[in-house]
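If you want the building blocks of each chain, they are given just below.
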Amino acid sequence: MKYLEKSFKVPSNGVFGGPKKVSLREMTTREEKILLGTRDFSVFERLVKSCCVDEDIEFDKLSNADIMYLTFMLRELTYGPEYIQEVTCPHCGRTQEVTININEMEPKVLTNEEAKKLADGVTVTLSNNDKITVNMLSAGDAARIDRVIKSKTKQNRLKDPQSYEMMLRLATSVNNIETEEPTDIDLTETENKIAYIEQLRMRDLALIQNALNEFDFGLNRNIYRECENCGDDMEVVGYIVPEFFHPSK
Ligand SMILES: [Zn+2]
């Protein structure tokens, strides 16, 4: 059988040491079996992996934004760009079916210069003059965090899994802490990093959380449609609804 194939630029453009280009083939019955499995983010990674033409792609070195982008490209390659989604107009409240078109969504790929900057990390100076270097989480980092949370939850070791997950994500993205006052604490240890972050001023926390804001990449899934009832413009985000993988027409 000859399948459709296409190459795509990877939005993270090699920031995590991963590929800058990926070739995918259209989905087949093999992928239908993946779709029948667990319904969390890992399904999309398994789908894209399964449709990857090159076999040596390291998915840990991509970003979840890349995987989301490639999932939408895979959908287009398999069924075309259009699918139906239900939307509620924010102006008049009417719920209606709109046709989403993946081709109207804007992909944003990091430039080589942005990728280099992001790979080095962004250093911010806090109000106490400590210097913090922040890096973006790769898909591999995100998956590792998920595994830690799942295993600690199973062993009943987390009082509040959600807040621990937030702290673990922050601590993982904080790559280096250079304190102005000398310290004996090993701030490369995750638990020490978490303790350090926990005592920060809220505005310093915001600095860290916003450090990577200028590096926006992936597929911008916002498109515009006119409301069938009031005629106003609606901003619609394209989601992965049942019609996405199993179109009824
Ligand atoms: Zn309306």
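Residues numbered from 1 in each chain as written. Predicted model: local features only at pLDDT ≥ 70, side-chain atom pairs only at ≥ 80, totals over all residues. Heavy atoms only, no water.

Turning next to the coordination of the zinc ion. For the zinc ion, the protein coordination sphere consists of Cys89 (SG), Cys92 (SG), Cys227 (SG) and Cys230 (SG), at 2.3 to 2.4 Å. Given 4 donor atoms and angles of 106 to 115° at the metal, the environment of the zinc ion is assigned as tetrahedral. For Cys230, a relative accessible area of 36% translates into the label partly exposed. (Donors = N, O, S within 2.8 Å, 3.2 Å for Na, K, Ca; no water. Tetrahedral: all angles 85-135°; square planar, octahedral: opposite > 155°, others 65-115°. Buried < 20%, exposed > 50% of the residue type's maximum accessible area, 1.4 Å probe, protein only.)

Moving on, we come to the pairing of strand E6 (residues 122-125). The alternating pattern of E6 places Val122 and Val124 on a buried face and Thr123 and Thr125 on a face that is not buried. In this sheet, strand E7 (residues 131-134) lies alongside E6 in antiparallel orientation, the contact comprising 4 bridges. Within E7, the residue paired with Thr125 across the bridge is Lys131. Linking E6 to E7, which pair antiparallel, is a turn of 5 residues; within it Asn129 sits at a positive phi near 70°. (Helix = DSSP H or I, 4+ residues; strand = E, 2+ residues; numbered from the N terminus. Pairing = 2+ DSSP bridges.)

So, on to the domain arrangement of the protein chain. According to the domain assignment, the protein chain contains domain 1 (5-109 + 217-245) and domain 2 (112-210). For domain 1 versus domain 2, the separation of C-alpha centres amounts to 29 Å. Each partner contributes to the interface: domain 1 provides 15 residues, whereas domain 2 provides 13 residues. With both sides pooled, the region where domain 1 packs onto domain 2 buries about 910 Å², and carbon together with sulfur makes up 55% of that total. Ranking the residues of domain 1 by area buried against domain 2 places Val15, Phe16 and Asp60 at the top, with a combined share of 46%. (Domains from an automatic or database assignment. Contact = heavy atoms within 4.5 Å. Buried area = accessible area lost by both parts, 1.4 Å probe.)

Reading across the sheet, the 3 strands line up as E6-E7-E8 and stay open at both edges, with antiparallel pairing between neighbours. The open sheet terminates on both sides in strands that have one partner only, identified here as E6 and strand E8 (174-178). In this sheet, neighbouring strand axes are inclined to one another by 20° on average, regardless of whether the strands run parallel or antiparallel. Against the sheet, helix H8 (residues 202-210) makes contact with E6, E7 and E8, and its axis sits at roughly 165° relative to E6, the strand it touches most. (Axes fitted to C-alpha atoms, helices over the stretch in contact; angles between N-to-C directions.)

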